[in-house]
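Overview (structure and organization)
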Amino acid sequence: MVPVVVTAIIVGILCLGAGLAIGMFVNAKLSKKKLGDAKALATKYINDAMAEAKTLRKDAMLDAKEEIFKQKQDVEKEIKERREEVKKSEDRILQKEDALDKKNEALDKKEEGLDKKIEALDEVKKGFEDREKEIAKKQQLVDTAHEKMVTELEKVAGLKKEDAKKQLVQELVSDAKIEAAKMVRDLEQEAKEESDKKGREILAQAIQRCAVDHSAEITVSVVPIPSDDMKGRIIGREGRNIRALESATGIDLIIDDTPEAIVLSGFDPVRREIARRTLEKLIGDGRIHPARIEETVEKIKKEVEGIMKEAGEQAVFDAGVYNLSPELIKLLGRLKYRTSYGQNVLKHSLEVSFLAGIMAQEIGADVKLARRAGLLHDIGKAIDHETDGTHISIGADLAKKHKENADVIHCIAAHHNDIEPETVEAVLIQVADAVSGARPGARRESLENYVKRLEQLEGIASGFDGVEKSFAIQAGREVRVMVKPDKVSDDQIVFLAKDIAKKIEAEMEYPGQIKVNIIRETRSTEFAK
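Residues numbered from 1 in each chain as written. Predicted model: local features only at pLDDT ≥ 70, side-chain atom pairs only at ≥ 80, totals over all residues. Heavy atoms only, no water.

**Here's the deal with the overall build of the chain**
Each helix and strand counted, the chain has 15 helices and eight strands in total. Relative to its full complement of 529 residues, the chain shows a buried share of 31%. Put simply, 63% of the contacts in the chain that link residues at least 6 apart link residues at least 24 apart. Per element, the accessible surface of the chain, about 35800 Å² overall, is 53% carbon and sulfur. (Helix = DSSP H or I, 4+ residues; strand = E, 2+ residues; numbered from the N terminus. Buried < 20%, exposed > 50% of the residue type's maximum accessible area, 1.4 Å probe, protein only. Contact = heavy atoms within 4.5 Å. Areas by Shrake-Rupley, 256 points an atom, 1.4 Å probe, with all protein chains shown as cover.)

**A word on the sheet that holds strand β8 (residues 515–520)**
As summarised here, the arrangement of the three strands in space is β6-β7-β8, forming an open sheet in which the pairing is mixed. Where the open sheet ends on each side, the last strands, each with one partner, are β6 (467–473) and β8. In this sheet, adjacent strand axes meet at a mean angle of 20° when their direction is disregarded. (Pairing = 2+ DSSP bridges. Axes fitted to C-alpha atoms, helices over the stretch in contact; angles between N-to-C directions.)

**Quick notes on the confidence of the model for the chain**
Here the chain averages 79 in pLDDT, while 82% of its residues score no lower than 70. Under a pLDDT of 50 for its full length, residues 211–217 has, in the predicted model, 21 contacts with residues more than four places off or in other chains. (pLDDT = per-residue confidence, 0-100.)

**Focus: the packing of aromatic side chains**
All chains considered together, the criterion is met by zero aromatic pairs. The ring of Phe464 carries Lys503 above its face, with NZ or CZ at 5.5 Å from the centroid. (Phe/Tyr/Trp six-rings, centres within 6.5 Å; stacked < 30°, edge-to-face > 60°. Lys NZ or Arg CZ within 6 Å of the ring centre and 35° of its normal.)

**Some words on unusual backbone geometry**
Among all residues save glycine, negative phi is the norm, and among peptide bonds the norm is trans. Residues other than glycine seldom take positive phi values, yet Glu238 does so here, at roughly 55°. Mapped onto the elements, Glu238 comes out in the loop between α4 (229–235) and α5 (240–249). With phi around 60°, Lys403 is a residue other than glycine that occupies positive phi space. Summarising the element assignment, Lys403 is placed in the loop between α11 (391–401) and α12 (406–414). The exposure class assigned to Lys403 is exposed, which follows from its relative accessible area of 77%.

**Description of helix α10 (residues 367–376)**
Residues spaced three or four apart along an α-helix point in a common direction, a consequence of the helix completing one turn every 3.6 residues. Extensive coverage of α10 is indicated by the burial of seven of its 10 residues. Taken as a whole, α10 has its buried residues at Leu369, Ala370, Arg372, Ala373, Gly374, Leu375 and Leu376. For α10, the side-chain oxygen to backbone nitrogen distance between the N-cap and Lys368 is 3.2 Å, and the N-cap itself is Asp366. (Polar contact = N/O pair within 3.5 Å; in protein donor to acceptor, adjacent residues only side chain to side chain.)

**Focus: the packing of α11 against α12**
Between α11 and α12, the shortest axis-to-axis distance is 8 Å and the interhelical angle comes to 170°. If you check the angle between α11 and α12, you find them roughly antiparallel. Between α11, through Ile392, Gly395, Ala396, Ala399 and Lys400, and α12, the contact on the second element is made entirely by Ile409, Ile412 and Ala413. Among the residues making up the contact of α11 with α12, the classes are represented as six nonpolar, one polar and one charged. (Parallel < 35°, antiparallel > 145°, perpendicular 65-115°, else oblique. Nonpolar A, V, L, I, M, F, W, Y, C, P; charged D, E, K, R; others polar.)

Right, here's the structure in full:
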């Protein structure tokens, strides 16, 4: 407000100066008469200016005082707020100091308690050490007394410590085996009562609902001829016809003294079928020469390929399997001319598919998967004579190549236990395969192999201790073992049956399964005189 006062003063001075100037000017211009009026007017102006300056100064002073008072209030208010904040900070610091003091006191108390506990533990440890020393001394006395007692007992019993231990262990093991055998027998009996009935029902139902014809296994084909004169025409001049036929088909022709018959020999059933049909066609036509033979072989090859394709498609349709690769369908058709143990592989595959599907339906498994895997489980046999490896590995590789389901591949790979089955369907394929191959009339084998198998079966059973006699019955599907009652107890026959079964599994090859039946019979005879 000070500049306003100064301004007012300056204005007053300027007005005064202006008045003087005006007076002088008026004085100079006006006459003396008007000089007094001018002075009076100037004086009036000066007085007015002084009054106005005084008023302005007074107002400026009031405004300055008000501004100073207002600023003072603001400063006091700010100081008050800062003091309150400082006070709050001081209070918080005091509270933290109090909390720290309390924590320090608690820590001091804990330290005191820990010191006391450490002292107590040291005392306890010292007491334990003293007790250990006492126990060690007593243990020495006990060991000495025990050695003396053992020595005296060995003298009295006439047995050494190790021998007595062995004898005791043997007795315990024998008793444990007997107890375990009793438990195993009871458990097996309970399990059989529950599972055998249901299993027999499912298998019987599956077998009754499935009927597939079987053909005999052959490595040769016999072609009848109208007369023995035809043999010469088939051989041809210097054997050119027979060489052309063998070269075109890859099959050996055996022409011997067999009346009105020619034998075709070859391991590939498809080539053998082509040769058989070709020879029949040539005999019926009568024109037999190398060019005609080659032409006929080509025609028959196409016919046989068509037949195999139709057979594969029909098998897929009969099994109810869809979206199968065309290549796999062709390979299935090749199984029409493939046999195993006298059993046609295509018909066997169909039967396994039907059986697995029926059993899957009965137990609530995947019917479609079981049918598909059953149909394809022996697909490797279609080319196993052309590719290295077992039909299992070949079949699994074929299924992978043609992007079959992983579960189907697993069923193929596990159906002969080459790998452990991990799904219910894989187990069903194993069971269906065994049922199809093991049922009466499904397969045949030579008499010599049959007799050897029965002799081997009886030899394995008779090789165990306590066995008196063994008989292979049911065409080798059961072995009946007679044991000596004084050497084998009722409980021990459980283990004996398991041991015989394991040895049969390890040393023999056989279709299906073999039942081990152990008979223990005690007889008492007395004569009345």
